[in-house]
2 protein chains.
Amino acid sequence: MSNPVLAEVTRGNLVESVHEGVVAVVDADGRTVLELGDADRPVFPRSAVKALQALPLMESGAADRFGLTPAEIALACSSHSGEPLHAETAAAMLAKAGRDAGCLECGAHWPLGEAATRELARSGERPTALHNNCSGKHAGFVCLACGLGEDPAGYVGPDHRVQREVRAAMEEMTGENLSEAARGVDGCSIPTYATPLRGLALAFARVGTGHGVGRERAAALARIRAAAAAHPFMVAGTGRFDTEMMGLFGERVFCKTGAEGVYCAALPEVGLGIALKCLDGHGRAAQVMLAALVRRFLPLSEPESTRLEALSHPALVNWNGIRVGGVRPAGPLA
Amino acid sequence: MSNPVLAEVTRGNLVESVHEGVVAVVDADGRTVLELGDADRPVFPRSAVKALQALPLMESGAADRFGLTPAEIALACSSHSGEPLHAETAAAMLAKAGRDAGCLECGAHWPLGEAATRELARSGERPTALHNNCSGKHAGFVCLACGLGEDPAGYVGPDHRVQREVRAAMEEMTGENLSEAARGVDGCSIPTYATPLRGLALAFARVGTGHGVGRERAAALARIRAAAAAHPFMVAGTGRFDTEMMGLFGERVFCKTGAEGVYCAALPEVGLGIALKCLDGHGRAAQVMLAALVRRFLPLSEPESTRLEALSHPALVNWNGIRVGGVRPAGPLA
C-alpha cells in the first residue's frame, strides 16, 4: 500500500524535502474516523506510549504509596530535555522509594536540550542517568518495582515483572498481541513492541475517554492526563512541541512524541485517539502532521487557531534570522 | 514518477523507518550510468557544491595571491564541525586577505560537532561566525572579493560580484540555467539554486576528470581534489562521514554532503559523477546511499570493502552500548 506525503519542507518558492506518513484516528469503540496510508502497519511506538507504560505504576498503588506528585507523574510519562528541574524531579522520585540514580538502567547521555547541555558543560559536570530523557519513566519503573516488593535490578529486561506488567497494560489498551517476534530494544534499553497504528490509536482514544477500560484504569488515565496538562514542562521541556501543545490546550489535548517520527495523542472532548508515524522517522514532520490533525478534529477559537499555526506551519529561519522556508502539512492534511 | 526506497533503518528484526531517494550517476560526457527515481528533479544542492563554489577563488588567482594552503583550500570547500583547528584556519584565511571575522556574513552558530560545542561552552566562550560550518567557504568568498578588488561587504547577495562569479561557474559545470525562479536562501545566507540532479552529477564527473572544462579549470579542480584528499579533516571533522570516506580512499573519492539529504561525489578513476538526494532530507540515509554507490562503482580491495562496511551499514547503538539496529542500503542499492 502506498503512503501519502503528509508534510513538506519549503525553501523559497519550492518544496525542498517531503515526508510520507501513516495516520490512524479512531474512537474508543475502535471505529476508524480517518485512515491515511497503511494503518495496519506495525510500528515501534517508542516513547509515544509512556502514558501506557505508566499505568502499572498508578494501578499498583506504588505512585500513591510513595506519594508521587502530579509533576512527578507527568515526568514518568516524559521524554524530557534534561533541564535541571527534570533531573532533580527524577532524583526526588527515586528518593521517595529509598533509591538513587545508581538504580537507573537507562544509560547516561547529554541532555536533549541544547541549552541544558551547554549549561551542564559550562559547569564542568558530566551527564548522569538522571539527564537521560527517559529518566522519569525509569524512576517510575524503579518505584513500581519497589511498590511491588520486587528487586528493581534488571527492571529493563522483558522478563522482569516491571516489563511484564507494562506489556500486559499495553496489550489491554491496544487490543493487540505484543509478541516476542515484534520486540526490539529501545534507546533506554527497555523492550519496544511493533504495534499496528490502529491499535495505538484505539489505546489513546481510551486514554482520552476512559471508555471500555474499567473504573480503576479510567481513574488512573484521568490522573495521568491531568498531571500532563498541569505540568507540560515535565513532559518535554523548554520550547518543545509537546510542552507547547499541552501548554496551549491543557486537558483538551494529551500528546506524546516517540523517536523515529511517531506521535500518539488523545482528544478527550471529541473522544478520539490519534497515532501516526512519519515513515522516514523525522520528528519535525511528525509534529506538523499531529498539529494538522488537532486542527482538523478539535473545535478551535480564533486565538487558539492562530497559536496552533506556529506548531502546524513552523518557519525555518537561518543563522542570520532570515526566514528561508518552512514546514507545512501536505496532501490530505494540507 | 515514484521514487524508490534506497535506505532503511532496522530495529531488532524489523524495519523501523524507510528513506526514498533519487540518484544520478553520469560520466563526463553526460551519459547516464545509473538513474534511480526522477533524476530530472531539481534539488537545492546546498553545501554539496562547495567545490564548485570555490572555483572562482582558484581561477581568479586570489587563492595564490593570498597564498592559501591546501588545508585552507579544503576548508573553503567544507561544512566543518567548528573544532578549534577549523575556526583557526578560517581566521588565518581572512588574515591573509587583511580581513577578520567581522567581514563574515554567514552568522554565528554553536559548532556542528557536539564535543566542540561542549568544549566551547566549558571554556565559557560563545560561538562566533568562525564556528559556523560554512566559515571556510565564506572566508574564501572574502578572499575572492579582495582578490578581485571588490569590497567584500554584501558578498552573500545574489547580485554581488562574488555570487555572480559563483553562479556562472555552477552553470558552466552543471550545464544548467540557474534562474531566479529556482533561487532560495541557504542557511549561511548565500543563494542556492534548485538544479536537476543529472546536472549536478555531470558537474561532479567533471570535478573528478577535468574533461570538457578547459585546461585552467581542470587544474583548479585537480588542486581542490588534492587538497580535500590531503586534508579530509578540514572538509568535515572528527568522526564525520566525508572525513572518514576521504580518509579511507584519498584521491579516489571526492565527496561532499549538503543539508537536507544531498550528496555529490566524484570517482576520478572510473570517470563518474554522483548526485543524490534522500527525499526526506535525512543525512543518515544520504550517507548510506552514497557509500552503497561507492561500493558499486569503485573497485575495492578486501580491507577497503571491510572498512567501507562501517559507512554503508552503520550500527545503531543505544545509551548502554547495546546494538539495537542499524541503517542499510535498500531496494536497488541493497
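A quick note: this is a predicted structure, and the numbers were derived from the prediction, not measured.

### Thoughts on the overall build of chain A
Scanning chain A from N- to C-terminus turns up 14 helices and 12 strands. In terms of overall dimensions, chain A is globule-like: its C-alpha atoms have a radius of gyration of 19 Å, near the 20 Å expected for 334 residues. Taken along the three principal axes of its C-alpha coordinates, chain A extends 60 × 50 × 40 Å. Counting all 334 residues of chain A, 61% fall into the buried class. Counting contacts in chain A only where the partners sit at least 6 residues apart, residues at least 24 apart contribute 64% of the total. Carbon and sulfur atoms make up 50% of the accessible area of chain A, which amounts to about 11600 Å² in all.

### Examining helix α8 (residues 161-174) of chain B
Residue and element names in this part refer to chain B. Here α8 contains 14 residues, and its C-alpha end-to-end distance of 20 Å stays within 8% of the 20 Å for a straight helix at 1.5 Å per residue. Considered for burial, the residues of α8 that qualify are Val162, Gln163, Val166, Ala169, Met170, Met173 and Thr174. End-on view of α8: buried residues confined to an arc of 125°, all on one side of the axis.

### Re the pattern of salt bridges
Residue and element names in this part refer to chain A. Under the counting rule described, the total for this entry stands at 38 salt bridges over all chains. Measuring nitrogen to oxygen at the nearest pair gives 3.0 Å for the salt bridge that ties aspartate 27 to arginine 31. By relative accessible area, aspartate 27 is classed as buried at 13%. A relative accessible area of 52% means that arginine 31 is categorised as exposed. For aspartate 186, the salt bridge is made with arginine 46, and the minimal N-O distance between the two is 2.7 Å. Remark: arginine 46 occurs in the loop between β4 (42-43) and α1 (50-53) and aspartate 186 occurs in the loop between β5 (183-185) and β6 (191-193); sequence separation between them is 140 residues.

### Here we look at the relation of the copies chain A and chain B
Laying chain A over chain B is done by rotating through 180° and shifting 0.0 Å along the axis; what remains is an RMSD of 0.0 Å. Given the turn and translation reported, the copies of this chain are related as if by a two-fold rotation axis. Using C-alpha coordinates, one finds that chain A approaches the rotation axis most closely at arginine 122 of chain A, a distance of 2.0 Å. In this assembly, 98% of the residues forming the interface of chain A have copies in chain B that are likewise at the interface, indicating an isologous arrangement.

### Thoughts on the interface of chain A and chain B
It is common to report an interface's size as the accessible area lost on association of the parts. On the side of chain B, 45 residues touch chain A, which itself brings 45 residues to the contact. For the pair chain A and chain B, the two sides together bury roughly 3700 Å², of which 51% comes from carbon and sulfur. Applying the counting criterion to the chain A and chain B interface returns 30 residue pairs in polar contact (both at pLDDT 80 or more). Among the elements of the structure, β2 (14-27), α6 (114-122) and β5 of chain A are those that each provide at least two residues to the side of chain A that touches chain B. With six residues, β2 of chain A is the single largest residue contributor to the side of chain A that touches chain B.

### Some details on the layout of surface pockets
One number sums up the size of the second largest pocket: a volume of about 300 Å³. In terms of lining residues, the second largest pocket is bounded by 19 residues, among which Asn3, Val5 and Glu20 of chain A together with Asn3 and Glu20 of chain B are the most central. Within the residue set of the lining of the second largest pocket, elements represented by two or more residues are β2 of chain A together with β2 (14-27) of chain B. Its residues assigned to classes, the lining of the second largest pocket shows seven nonpolar, six polar and six charged.

### A short note on the packing of α6 of chain A against helix α6 (residues 114-122) of chain B
Two numbers describe how α6 of chain A lies on α6 of chain B: the axes approach to 7 Å, and their chain directions differ by 50°. When the interaxial angle is binned, α6 of chain A and α6 of chain B end up oblique. The handedness of the crossing between α6 of chain A and α6 of chain B comes out as right-handed. In this structure, α6 of chain A contributes Thr117, Arg118, Ala121 and Arg122 of chain A to the contact, and α6 of chain B contributes Thr117, Arg118, Ala121 and Arg122 of chain B. Classifying every residue of the contact of α6 of chain A with α6 of chain B gives two nonpolar, two polar and four charged.

### Structural notes on the pairing of strand β8 (residues 254-258) of chain A
Counting buried residues in β8 of chain A gives five out of five residues, a clear majority hidden from the surface. Burial of β8 of chain A is two-sided: the residues Phe254, Lys256 and Gly258 of chain A facing one way and the residues Cys255 and Thr257 of chain A facing the other way are all buried.

### Considerations on unusual backbone geometry
Positive phi, close to 85°, is recorded for serine 189 of chain A, a residue that is not glycine. Tracing the backbone through its elements, the reader meets serine 189 of chain A in the loop between β5 and β6. Non-glycine residue arginine 46 of chain B carries a positive phi angle of around 50°. Look at arginine 46 of chain B and you get buried, because its relative accessible area is 7%.

### Things to note about the environment of alanine 54 of chain B
Residues and elements named next belong to chain B. Structurally, alanine 54 can be placed in the loop between α1 (50-53) and α2 (55-59). As for alanine 54 and alanine 76, which are separated by 22 residues in sequence, their C-alpha atoms are 6.6 Å apart. When sequence neighbours within four positions are dropped, the list of residues in contact with alanine 54 reads Cys77 and Ile224.

### Some details on the pairing of strand β1 (residues 5-11) of chain B
The side chains of a regular strand alternate, first on one face of the sheet and then on the other. Residue and element names in this part refer to chain B. Counting buried residues along β1, six of its seven residues qualify, which places the element largely inside the surrounding structure. In this sheet, β2 lies alongside β1 in antiparallel orientation, the contact comprising six bridges. Note that in β2 the partner of valine 9 across the bridge is serine 17. Taking the residues that link successive antiparallel strands as the turn, the β1-β2 hairpin has two residues, and the phi of glycine 12 there is positive, at about 55°. The pairing of β1 with strand β12 (residues 323-329) spans five bridges and is antiparallel. Bridge pairing in β12 places alanine 7 opposite proline 329.

### Structural notes on the side chain of serine 79 of chain B
Residues and elements named next belong to chain B. Considering the arrangement of structural elements, one finds serine 79 in the loop between α4 (70-76) and α5 (84-96). In terms of polar contacts, serine 79 uses its side chain to reach the side chain of lysine 256, at 2.7 Å. With residues up to four places along the chain from it excluded, the contact list for serine 79 reads Ser47, Lys50, Leu112, Asn133, Val235, Ala236, Arg240, Lys256 and Thr257.

### Some remarks on the environment of alanine 181 of chain B
Position of alanine 181 of chain B among the secondary structure elements: in the loop between α8 and β5 (183-185). Classification of alanine 181 of chain B as exposed rests on a relative accessible area of 59%.

Cut-offs used in this document
- Residues numbered from 1 in each chain as written.
- Chains lettered and ligands numbered in written order.
- Predicted model: local features only at pLDDT ≥ 70, side-chain atom pairs only at ≥ 80, totals over all residues.
- Heavy atoms only, no water.
- Helix = DSSP H or I, 4+ residues; strand = E, 2+ residues; numbered from the N terminus.
- Rg over C-alpha atoms; globule rule 2.2 N^0.38 Å.
- Buried < 20%, exposed > 50% of the residue type's maximum accessible area, 1.4 Å probe, protein only.
- Contact = heavy atoms within 4.5 Å.
- Areas by Shrake-Rupley, 256 points an atom, 1.4 Å probe, with all protein chains shown as cover.
- Expected span 1.5 Å × (residues − 1).
- Arc of directions from axis to C-beta.
- Salt bridge = Lys/Arg side-chain N within 4 Å of Asp/Glu carboxyl O.
- Least-squares fit on C-alpha atoms with pLDDT ≥ 70 in both.
- Buried area = accessible area lost by both parts, 1.4 Å probe.
- Polar contact = N/O pair within 3.5 Å; in protein donor to acceptor, adjacent residues only side chain to side chain.
- 1 Å grid on protein atoms, 1.4 Å probe; cavity = no way out; pocket = protein on both sides within 12 Å on 5 of 7 lines; lining within 4 Å.
- Points joined across faces, edges and corners; volume = space filled by probe spheres on them.
- Nonpolar A, V, L, I, M, F, W, Y, C, P; charged D, E, K, R; others polar.
- Axes fitted to C-alpha atoms, helices over the stretch in contact; angles between N-to-C directions.
- Parallel < 35°, antiparallel > 145°, perpendicular 65-115°, else oblique.
- Left-handed = near helix turned anticlockwise from the far one by under 90°.
- Pairing = 2+ DSSP bridges.

Note that all results are geometric; they support no functional claim without further evidence.
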